[in-house]
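As a plain string of letters, each chain reads:
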Amino acid sequence: MSMAVVGMIAGMALGFAGYFGGFGAFLLVAALGAVGFVAGRFLDGDLEPGEFFRSRGDRRG
């Protein structure tokens, strides 16, 4: 599935949550979507847990 389709689905989900559930539901769906995105990146192997805890000067390219 292309990233454009994933973005469209996420936008539609946020739109429905905002329309039917109000701003609180919109924020909840957005936060859970972000958590799911990061978890998916971990499972794909694109991210490592140590990347969140290193300082900027400590990064190795």
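Further up the page is the structure itself.
Source: prediction; values computed, not measured.

Calculation criteria
- Residues numbered from 1 in each chain as written.
- Predicted model: local features only at pLDDT ≥ 70, side-chain atom pairs only at ≥ 80, totals over all residues.
- Heavy atoms only, no water.
- Helix = DSSP H or I, 4+ residues; strand = E, 2+ residues; numbered from the N terminus.
- Buried < 20%, exposed > 50% of the residue type's maximum accessible area, 1.4 Å probe, protein only.
- Areas by Shrake-Rupley, 256 points an atom, 1.4 Å probe, with all protein chains shown as cover.
- Patch = residues over 30% accessible without salt bridge, like charges linked within 9 Å, V, L, I, M, F, W, Y side chains within 5 Å.
- Salt bridge = Lys/Arg side-chain N within 4 Å of Asp/Glu carboxyl O.
- Expected span 1.5 Å × (residues − 1).
- Bend = angle between axes of the 7 residues up to and from the residue.

(A) Region of the structure containing the overall build of the protein. If you tally the helices and strands in the protein, you get one helix and zero strands. Burial status across the protein gives 3% buried among its 61 residues. Surface exposure of the protein reaches about 5100 Å², of which carbon and sulfur atoms provide 68%.

(B) Seen up close, a nonpolar patch on the surface. On the surface, M1, M3, V5, V6, M8, I9, M12, F16, Y19, F20 and F37 cluster together to form a nonpolar patch covering roughly 1300 Å² of accessible area. Tracing the chain through its elements places M12 in helix α1 (residues 3–44). Judged by its relative accessible area of 46%, M12 is partly exposed.

(C) Geometry of α1. Under the 1.5 Å per step criterion, the end-to-end length of α1 is only 15 Å for 42 residues, more than 12% shorter than the ideal 62 Å. Remark: the principal bend of α1, roughly 145°, maps to G21. G45 lies just past α1 and shows a positive phi near 90°.

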